[in-house]
Amino acid sequence: HQRSLGDSKPMDVNAEAVQAFMHQYKIDRLIHGHTHRPAIHLLKEPNSQRWVLGDWDDGHGYAIILDEDRASLHRLSLGAEHTILWSEPWPPSDH
């Protein structure tokens, strides 16, 4: 993690360390828990992606939805006992 003193932006992973790890182990998609920046990040290596799941709080969570031929990141609205009320692709297409 990297953050300067007084910086209010959420921390994220060290991009160079992630890229080196993925290159070393010959992987093209890394999925990991939240860094407060849920998204599908495209990396410098061709066809490499870092999928970040957001945190689960305030009635929302994040999940990867697998269909027959694709995967997508979704934001979930959670009800009692974490039942899923609705989901939407994340990030929203209008951003």
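Since this is a predicted model, take the numbers as computed values, not measurements.

So, on to the overall build of the protein. Assigned secondary structure in the protein consists of one helix and six strands. In the protein, which comprises 95 residues, the share counted as buried stands at 27%. Sequence separation of 24 or more characterises 17% of the internal contacts of the protein that already satisfy a separation of 6 or more. Total accessible area on the protein stands at roughly 7000 Å², and carbon and sulfur atoms take up 53% of it.

Moving on: the pattern of salt bridges. If you walk through the whole model with that rule in mind, you get two salt bridges. Between D67 and R70 there is a salt bridge, with its nearest N and O atoms 3.5 Å apart. You can call D67 partly exposed: its relative accessible area is 38%. One salt bridge in this structure joins R75 and E88, with 3.7 Å as the shortest N-O distance. Pair noted here: R75 is in strand β5 (residues 71-78) and E88 is in strand β6 (residues 84-89), with a separation of 13 residues, a long-range link. On the basis of relative accessible area, E88 is assigned to the partly exposed category, the value being 24%.

Before going further, it helps to spend a moment on helix α1 (residues 15-24). Three or more residues of α1 are buried, namely V18, Q19 and M22. Angular distribution of buried residues about the axis of α1 spans 95°; they occupy a single face of the element. Those residues of α1 that are exposed and aimed more than 90 degrees away from the buried face are E16 and Q24. Along its buried surface, α1 packs onto β1 (29-32) and β3 (49-52). Where α1 starts, the residue carrying a side-chain oxygen 3.0 Å from the main-chain nitrogen of E16 turns out to be N14. The positive-phi residue at the C-terminal boundary of α1 is K26, with phi of around 55°.

Looking now at the environment of F21. Of note, F21 is situated in helix α1. Residue F21 is classed as partly exposed on the basis of its relative accessible area of 40%. Beyond its immediate chain neighbours, meaning those up to four positions away, F21 contacts I27 and L30.

Pairing is antiparallel in the open sheet, where three strands are placed in the order β4-β5-β6. Sheet topology places β4 (60-66) and β6 at the edges, where each strand pairs with a single neighbour. Sheet twist, expressed as the mean angle between neighbouring strand axes with direction ignored, is 35°. As paired elements, β4 and β5 share seven bridges and run antiparallel to each other. Its bridge partner being in β5, L66 is matched across the sheet by A71.

Calculation criteria
- Residues numbered from 1 in each chain as written.
- Predicted model: local features only at pLDDT ≥ 70, side-chain atom pairs only at ≥ 80, totals over all residues.
- Heavy atoms only, no water.
- Helix = DSSP H or I, 4+ residues; strand = E, 2+ residues; numbered from the N terminus.
- Buried < 20%, exposed > 50% of the residue type's maximum accessible area, 1.4 Å probe, protein only.
- Contact = heavy atoms within 4.5 Å.
- Areas by Shrake-Rupley, 256 points an atom, 1.4 Å probe, with all protein chains shown as cover.
- Salt bridge = Lys/Arg side-chain N within 4 Å of Asp/Glu carboxyl O.
- Arc of directions from axis to C-beta.
- Polar contact = N/O pair within 3.5 Å; in protein donor to acceptor, adjacent residues only side chain to side chain.
- Pairing = 2+ DSSP bridges.
- Axes fitted to C-alpha atoms, helices over the stretch in contact; angles between N-to-C directions.

Interpretation in functional terms is not warranted from these geometric data alone.
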